[in-house]
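Survey of secondary and tertiary structure
Below are the chains, spelled out letter by letter.
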Amino acid sequence: MLYVMLIAAVIIFWLVAADRPALKVTFEGGVITNVKGHFPPKFRHNVIEIGEIVPFDGTMKVYQQRTGAKLTFSKQVPKKVQQRIRNVFPHQGFKSAGDKKRA
């Protein structure tokens, strides 16, 4: 019985503590080096343009929440670049979990 509780605790910890973004993008010198997840083409194009104008390093993650998508950036990404990326972020391209229609 103890092992069942231990396994359940590990699974619950994994579900809560694991970092599971819908999109993770890594930048080096303003160039996209690594992409994991769905990166809408128009958003990718806009982010590439921002990186060409203002080179920067860091990561950007998009988390799926009930209220919609949430953008997070690493500390290396300047605040002005963060705002420019937030301005071109396609909220319609990332469907929220709460928008499911039920019959």
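These notes cover the structure that comes with them.

The rules behind the values
- Residues numbered from 1 in each chain as written.
- Predicted model: local features only at pLDDT ≥ 70, side-chain atom pairs only at ≥ 80, totals over all residues.
- Heavy atoms only, no water.
- Helix = DSSP H or I, 4+ residues; strand = E, 2+ residues; numbered from the N terminus.
- Buried < 20%, exposed > 50% of the residue type's maximum accessible area, 1.4 Å probe, protein only.
- Pairing = 2+ DSSP bridges.

Turning our attention to the overall build of the protein. If you tally the helices and strands in the protein, you get 3 helices and 4 strands. Secondary structure elements of the protein, listed N to C terminal, follow the sequence α-β-β-α-β-β-α. The principal-axis extent of the C-alpha atoms belonging to the protein is close to 60 × 35 × 20 Å. Across the 103 residues that make up the protein, the buried fraction comes to 29%.

Moving on, we get to the pairing of strand E2 (residues 31–37). As defined by bridge partners, strand E1 (residues 23–28) adjoins E2 across 6 bridges and the pair is classed as antiparallel. Within E2, the residue paired with Thr26 across the bridge is Asn34. Between E1 and E2, which pair antiparallel in sequence order, lie 2 residues; one of them, Gly29, sits at a positive phi of approximately 65 degrees.

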